[in-house]
Amino acid sequence: MKQTFYSNGKLLITGEYLVLDGAKAFALPTKLGQNLIIEKGTNKEIIWKSYDADGSIWFEDSISFSDILNDRNSESESVKSTLITILHEAFVLNPNFITNSEGYTITTELGFPKSWGLGTSSTLINNIAQWLQIDAFTLLKNSFGGSGYDIACAQNDTPILYHLEHGKPIVEKVAFNPLFTENICFVYLNKKQSSKSAIATYNINKKNNLTRTIALNDKITFEVLKATTVKSFATALEKHETEMSIILEMETVKESLFPEFNGVIKSLGAWGGDFVMVIAAENPSDYFTSKGYKTIIPYVEMILS
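Cut-offs used in this document
- Residues numbered from 1 in each chain as written.
- Predicted model: local features only at pLDDT ≥ 70, side-chain atom pairs only at ≥ 80, totals over all residues.
- Heavy atoms only, no water.
- Helix = DSSP H or I, 4+ residues; strand = E, 2+ residues; numbered from the N terminus.
- Rg over C-alpha atoms; globule rule 2.2 N^0.38 Å.
- Buried < 20%, exposed > 50% of the residue type's maximum accessible area, 1.4 Å probe, protein only.
- Contact = heavy atoms within 4.5 Å.
- Areas by Shrake-Rupley, 256 points an atom, 1.4 Å probe, with all protein chains shown as cover.
- Lys, Arg positive; Asp, Glu negative; His and termini not counted.
- Charge placed at Lys NZ, Arg CZ, Asp CG, Glu CD.
- Polar contact = N/O pair within 3.5 Å; in protein donor to acceptor, adjacent residues only side chain to side chain.
- 1 Å grid on protein atoms, 1.4 Å probe; cavity = no way out; pocket = protein on both sides within 12 Å on 5 of 7 lines; lining within 4 Å.
- Points joined across faces, edges and corners; volume = space filled by probe spheres on them.
- Phe/Tyr/Trp six-rings, centres within 6.5 Å; stacked < 30°, edge-to-face > 60°.
- Pairing = 2+ DSSP bridges.
- Salt bridge = Lys/Arg side-chain N within 4 Å of Asp/Glu carboxyl O.
- Nonpolar A, V, L, I, M, F, W, Y, C, P; charged D, E, K, R; others polar.
- Core = buried A, V, L, I, M, F, W, Y, C linked by side-chain atoms within 4.5 Å.

1. A word on the overall build of the protein
Here is step 1: When helices and strands are counted, the protein shows 12 helices and 11 strands.
Here is step 2: The globule rule puts the C-alpha radius of gyration for 305 residues at 19 Å, and the 20 Å found for the protein is close to it.
Here is step 3: Dimensions of the protein along its principal axes, counting C-alpha atoms only, are 60 × 40 × 35 Å.
Here is step 4: Within the protein, the proportion of its 305 residues that are buried is 53%.
Here is step 5: Sequence separation of 24 or more characterises 69% of the internal contacts of the protein that already satisfy a separation of 6 or more.
Here is step 6: In the structure as shown, the protein presents an accessible area of about 14,000 Å², 50% of it carried by carbon and sulfur atoms.
Here is step 7: Across the protein, the 27 positively charged side chains and the 34 negatively charged ones have centroids separated by 3 Å.

2. A word on the side chain of lysine 266
Here is step 1: Looking at the secondary structure, you find lysine 266 in strand β9 (residues 264-267).
Here is step 2: Given a relative accessible area of 0%, lysine 266 falls into the buried group.
Here is step 3: At 3.1 Å, the side chain of lysine 266 and the backbone oxygen of isoleucine 13 are in polar contact.
Here is step 4: A polar atom in the side chain of lysine 266 sits 3.0 Å from the side chain of glutamate 16.
Here is step 5: Those residues in contact with lysine 266, other than ones at most four positions away along the chain, are Ile13, Glu16, Leu237, His240, Glu241, Val276 and Met277.

3. A closer look at empty space enclosed by the protein
Here is step 1: Under the counting rule described, the total for this entry stands at one cavity of 30 Å³ or more.
Here is step 2: In this structure, the largest cavity is lined by Leu18, Thr213, Leu216, Asn217, Ile220, His240, Glu243, Met244 and Ile247.
Here is step 3: Looking at the lining of the largest cavity, the elements that each hand over two or more residues are α8 (210-226) and α9 (230-248).

4. Regarding the packing of aromatic side chains
Here is step 1: All told, the structure shown has 20 aromatic pairs when counted by the stated rule.
Here is step 2: Seen from their ring centres, tryptophan 116 and phenylalanine 275 are 5.2 Å apart, and the 90 degrees between their planes marks the pair as edge-to-face. Here the residue tryptophan 116 occupies a position in the loop between β5 (104-110) and α4 (120-132), and phenylalanine 275 occupies one in strand β10 (residues 275-279), the gap between them amounting to 159 residues. Taken individually, tryptophan 116 and phenylalanine 275 each receive the classification buried, so the pair is uniform in this respect.
Here is step 3: Judged by centre distance (5.0 Å) and plane angle (40 degrees), the rings of phenylalanine 261 and tyrosine 287 are tilted.

5. Focus on the pairing of strand β1 (residues 3-14)
Here is step 1: Judged by how many residues are buried, β1 sits mostly within the fold: nine of 12 residues are covered.
Here is step 2: Strand direction decides the pairing type here: β1 and strand β2 (residues 25-40), joined by 10 bridges, are antiparallel. Bridged to threonine 4 within β2 is isoleucine 37.

6. A closer look at the pattern of salt bridges
Here is step 1: Scanning the entire structure with this criterion turns up nine salt bridges.
Here is step 2: Note that glutamate 260 and lysine 291 form a salt bridge whose closest N and O atoms lie 2.8 Å from each other. Within this pair, whereas glutamate 260 is found in the loop between α10 (253-257) and β9, its partner lysine 291 is found in the loop between α11 (285-290) and β11 (296-298), the two being separated by 31 residues in sequence.
Here is step 3: The partly exposed category is assigned to glutamate 260, whose relative accessible area is 47%.
Here is step 4: One salt-bridge network, in which partners are shared between bridges, spans Glu16, Glu241 and Lys266.

7. Overview of the layout of surface pockets
Here is step 1: Computed from the structure, the second largest pocket encloses a volume of approximately 260 Å³.
Here is step 2: Taken together, 15 residues line the second largest pocket, and the ones lying closest to its centre are Gln3, Ile38, Lys40, Tyr104 and Trp131.
Here is step 3: Of all the elements in the fold, those that place two or more residues in the lining of the second largest pocket are β2, α3 (96-99) and α4.
Here is step 4: Here the element with the most residues in the lining of the second largest pocket is β2; it accounts for three residues.
Here is step 5: When the residues that make up the lining of the second largest pocket are grouped by side-chain class, the tally is six nonpolar, six polar and three charged.

8. Some points on the nonpolar core
Here is step 1: Counting residues in each nonpolar core, the largest one holds 41 residues, and the members touching the most others are Leu36, Trp48, Leu87, Phe97, Ile128 and Trp131.
Here is step 2: With residues up to four places along the chain from it excluded, the contact list for leucine 36 reads Gln3, Thr4, Phe5, Trp48, Ile106, Thr107, Thr108, Leu124, Asn127, Ile128 and Trp131.
Here is step 3: One finds Leu11, Phe176, Ile184 and Ile297 within the second-largest nonpolar core, a separate group that totals 32 residues.

Quick look at the structure:
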């Protein structure tokens, strides 16, 4: 019998990096996500196939049950190695899927290009957790790591406010239906950014006054949520970008790539790649296309509402 599970992708609007230390993060689930399809198999192994959004196979391999039991794979940081680690931790939480099975054929189908950074890993982890009826936040923590805001987006169809309290995820659904969504779009920066390396940089650069920084982040996050005009929304996001620039000791994306742009540009998640949020009075597509950035998605096409 075939089983299919689905999870939403994500975009982190405020609280990047700081969410790891308890700051409140405002995040939006996306209309695009990932499917996980489970079918019976044989030989005490999993035949795994992963499809990108264009229908091409980006990963294909077989994984033996013994590798999952022992978390054994010599290739470090490879897709297979990461997958074995996730499945091993899933086994620790629910051994039945290995002990009571002859094997599986598993297929994943991305609704967005893998390079976009909308949550290839988080949607997979949440789908596996749904399949095995285990806690997705625990599975993330034990395998891939991270704050878990992306798991919260995978599970919710509305905007969320997310933070960690004594290490535990607190998810609050919030209302965010601004009248100015036509002034917002998302632009892909043509490269995938590694969350792991960005987090390592943040941990090195974060200053001693973290408590003050988190308090300021939370204040700005509520300003973003409460904004009733495009100007107040843009001003709050610009303030957030400036603060993070100081913490990370990095230029903002606008300073480094689009200094002459007439509008506000906000990094989303890991700085230097993936998507940015653009707020502008007029359609900015021509500007970004002329700069070589051709993936420009309006708010209403990207965000679940």
